[in-house]
Amino acid sequence: MSLATKELVLRSHFELKTAILKWFPRHMNRGMREMMQTLRKVDCLVEVHDSRIPFDWMREMMQTLRKVDCLVEVHDSRIPLSGRNKDLIRRLSSLKPHILILNKSDLMDIRYQRRIKERFQSEDSNSRCIFVDSLNPNTRVNGFPEILPTIIEVIRDSDRFNREDFNGFNLMVMGIPNVGKSTIINKLRNTNLRVSGKATTTGAIAGVTRSVLERIKINANPPVYLYDTPGVLEPRIDKGLETIMRCAVCATLSDQLIGYKTIADYILYWLNRHNNHRYVKLLGLDTPSDDITEVLVKGSVYLQNIVEHKSLEKGQMVKRPDVEHTAQQFVTAFRKGQLGRVMLDDDLFK
Ligand SMILES: Nc1nc2c(ncn2[C@@H]2O[C@H](COP(=O)(O)OP(=O)(O)OP(=O)(O)O)[C@@H](O)[C@H]2O)c(=O)[nH]1
Ligand SMILES: [Mg+2]
């Protein structure tokens, strides 16, 4: 939907306006320092995203890698290029067959699917790429039924597959936080084994899975087992602000790290650049605007997000718009697809 945009003055590029500038590099620097120390010991995997997660699981992950026949990489289909740990995947996929599942396809602009497949195919002709909407109860409407046959096919085609001592296929799922790795495992298990419940925990915030888990059986005949792993971010995610913001928009970074107002600001910038003004109705505005403070203040009034606090000057209760809460609602609406299906990396496909 596009409204008249006569007075709408768009920013030419996205800049951070908040204190994140002060401490984000420090977080990254610490992550990089820890990464360099750990790299000496384990050869690759790196955690930059959440300093509370210990590094022991990296060793676990490398040990697990020896046992698996195929790497199942999961990524968010709204950001097929941003945030993917490409160097790491390239190194690991030289050791094991690899497939890429682009999940959350219910939220992506599907016009890009063919172009994305072609791009990945041209980068690595041995890898396979499947689009999946793993929350859709109807497994037939998306790439879900293709996953297992494709994995078995790439393993069987690989010259490293040991057919003599076959006692089942072992897979390791990996990817950045919150892209749906655990959801896919549960769904594969529940669909193929006709069971219910969750074998591995899922959740809307980044960092739910915290260690390499025991292998989970996801198919009986042939036996297929899958190791779930914690999300790992690309060590060089600090290479561009837009990459960081796209990852934040898709909740692959913790919301506390970036802040809702900053995430909302990037969404506003991105929507306006794409002539998508659906937020005007959502936030009860008169016209589109590229000023996040104006949008959130007016939106707070419309949504009745008002807080009361005691004024130190006047000594009495005063009301103010709860812009933080409105920013959170705006971000949530975008993440749920209420402002349309998107391809956040569209500029990288031009
Ligand atoms: N819209 C949509 N949401 C999904 C899809 N798959 C998973 N989700 C949601 O994404 C969130 C993250 O899912 P998880 O399976 O916990 O993700 P994860 O990759 O295991 O996350 P970590 O363990 O934190 O690295 C949950 O809220 C899921 O419900 C999908 O296909 N579409
Ligand atoms: Mg998980």
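Everything numeric in this text was worked out from a predicted model, so none of it was measured. (Residues numbered from 1 in each chain as written. Chains lettered and ligands numbered in written order. Predicted model: local features only at pLDDT ≥ 70, side-chain atom pairs only at ≥ 80, totals over all residues. Heavy atoms only, no water.)

**Q** What's the story with the layout of surface pockets in this structure? I'm lost.
**A** One simple way to see leftover space: roll a probe sized like a water molecule over the atoms. Each pocket or cavity is described by its volume, and for the largest pocket that value is around 730 Å³. If you trace the largest pocket, you find 33 residues lining it, with K104, N178, G203, A204 and I205 closest to the centre. Contributing elements (two or more residues each) for the lining of the largest pocket: α6 (181-193) and α12 (323-335). Viewed by domain, the lining of the largest pocket spans two of them, domain 1 (24-237) and domain 2 (259-349), each represented by three or more residues. (1 Å grid on protein atoms, 1.4 Å probe; cavity = no way out; pocket = protein on both sides within 12 Å on 5 of 7 lines; lining within 4 Å. Points joined across faces, edges and corners; volume = space filled by probe spheres on them. Helix = DSSP H or I, 4+ residues; strand = E, 2+ residues; numbered from the N terminus. Domains from an automatic or database assignment.)

**Q** Would you mind going over the site of ligand 1 with me for this structure?
**A** Close to ligand 1 lie 23 residues, the nearest being S134, K181, T183, G207 and V208. S134 places a main-chain nitrogen or oxygen 2.8 Å from an oxygen atom of ligand 1. Contact distances for ligand 1 include 3.5 Å between an oxygen atom and a backbone N or O atom of A204. With the chains in place, 90% of the 670 Å² that ligand 1 exposes on its own is no longer accessible. With respect to the pocket detection grid, ligand 1 is positioned in the largest pocket. (Near = heavy atom within 4 Å. Polar contact = N/O pair within 3.5 Å; in protein donor to acceptor, adjacent residues only side chain to side chain. Areas by Shrake-Rupley, 256 points an atom, 1.4 Å probe, with all protein chains shown as cover. Sits in = over half its atoms within 2 Å of the grid points.)

**Q** Could you clarify how one ought to interpret the environment of G240 in this entry?
**A** Turning to its location among the elements, G240 is positioned in the loop between β6 (224-227) and α7 (241-249). Accessibility expressed as a relative area gives 16% for G240, which makes it buried. (Buried < 20%, exposed > 50% of the residue type's maximum accessible area, 1.4 Å probe, protein only.)

**Q** Before we go on, may I ask you to explain the confidence of the model for the protein chain in this structure?
**A** Regions with low pLDDT should not have their predicted coordinates read in detail. This prediction gives the protein chain a mean pLDDT of 82; 81% of its residues lie at or above 70. Contacts from residues 21-54, a stretch scored under 50 in pLDDT, to residues over four places away or in other chains number 58 contacts. (pLDDT = per-residue confidence, 0-100. Contact = heavy atoms within 4.5 Å.)

**Q** Explain the nonpolar core here, please?
**A** A general feature of soluble globular proteins is that nonpolar side chains tend to end up buried together. If you look at the biggest cluster of nonpolar residues, it comprises 62 residues, and the most contacted ones within it are I147, L171, I218 and F330. With nine residues, helix α9 (residues 260-273) is the single largest residue contributor to this core. Two domains each donate at least three residues to this core, and these are domain 1 (24-237) and domain 2 (259-349). If we skip the residues at most four places from it in the chain, I147 touches I101, I130, V132, I184 and L188. The next biggest cluster of nonpolar side chains, apart from the first, holds 12 residues, and it includes L88, L92, Y227 and V232. (Core = buried A, V, L, I, M, F, W, Y, C linked by side-chain atoms within 4.5 Å.)

**Q** I keep staring at the packing of α9 against helix α11 (residues 292-302) and nothing clicks. Help me out?
**A** The packing of two helices is summarised by the inter-axis angle and the distance between the axes. Relative orientation of the contacting elements α9 and α11 amounts to 110°, with a least axis distance of 10 Å. In terms of orientation, α9 lies roughly perpendicular with respect to α11. Contacts between α9 and α11 involve K261, A264, D265 and L268 from the former and I292, T293, V295 and L296 from the latter. When its residues are assigned to classes, the contact of α9 with α11 shows five nonpolar, one polar and two charged. (Axes fitted to C-alpha atoms, helices over the stretch in contact; angles between N-to-C directions. Parallel < 35°, antiparallel > 145°, perpendicular 65-115°, else oblique. Nonpolar A, V, L, I, M, F, W, Y, C, P; charged D, E, K, R; others polar.)

**Q** So what exactly am I meant to see when it comes to the side chain of N186 here?
**A** Note on placement: N186 falls in helix α6. N186 has contacts with K198, A199, T200 and T202, leaving out every residue within four places of it along the chain.

**Q** Quick question: what am I supposed to make of α11 here?
**A** At 3.6 residues per turn, the α-helix brings residues three or four places apart onto the same side. Restricting attention to buried positions, one finds in α11 the residues I292, V295, L296, G299 and S300. Seen from one end, α11 has its buried residues packed into an arc of 125°, which puts them on one side. Of the surrounding secondary structure, the elements contacted by the buried residues of α11 are α9, β7 (306-310), β8 (317-321) and α12. The N-cap of α11, judged by a side-chain oxygen 3.0 Å from the amide nitrogen of T293 a few residues on, is D291. Looking at the residues trailing α11, positive phi occurs at Q304, about 60°. (Arc of directions from axis to C-beta.)

**Q** Can you help me understand the packing of aromatic side chains in this one?
**A** Working definition: an aromatic ring pair is given by the centre-to-centre distance plus the angle between the planes. Throughout the structure, instances matching the rule amount to six aromatic pairs. Residues Y266 and Y269 carry aromatic rings whose centres are separated by 5.7 Å and whose planes lie at 45° to one another, so their mutual orientation is tilted. With Y266 and Y269 both in helix α9 and three residues apart, the pair spans about one turn of that helix. For the pair Y266 and Y269, a shared accessibility class is recorded, and that class is buried. In this structure an aromatic cluster arises from ring pairing among F14, Y266 and Y269. Residue placement shows R215 over the ring face of Y225; its charged tip is 3.6 Å from the ring centre. (Phe/Tyr/Trp six-rings, centres within 6.5 Å; stacked < 30°, edge-to-face > 60°. Lys NZ or Arg CZ within 6 Å of the ring centre and 35° of its normal.)

**Q** How do you make sense of unusual backbone geometry when you look at a structure like this?
**A** Leave glycine aside and you will find that most residues have negative phi; peptide bonds, for their part, are mostly trans. In this structure, P222 follows N221 across a cis peptide bond, with omega equal to 5°. By the element assignment, P222 lies in the loop between β5 (216-219) and β6. Look at N275: it is not a glycine, yet its phi comes out positive at around 55°. Exposure remark for N275: the relative accessible area of 41% places this residue in the partly exposed category.

**Q** For this particular structure, what's the right way to read α9?
**A** The terminal C-alpha atoms of α9 lie 20 Å apart, and with 14 residues this matches the ideal 20 Å at 1.5 Å per residue to within 8%. Burial analysis of α9 places 12 of its 14 residues in the buried class, which makes it a mostly covered element. For α9, every residue scored as buried is listed here: Y260, T262, I263, A264, D265, Y266, I267, L268, Y269, W270, L271 and N272. Tucked into the core, α9 has its buried residues touching α7, α8 (255-258), α10 (279-282), α11 and α12. (Expected span 1.5 Å × (residues − 1).)

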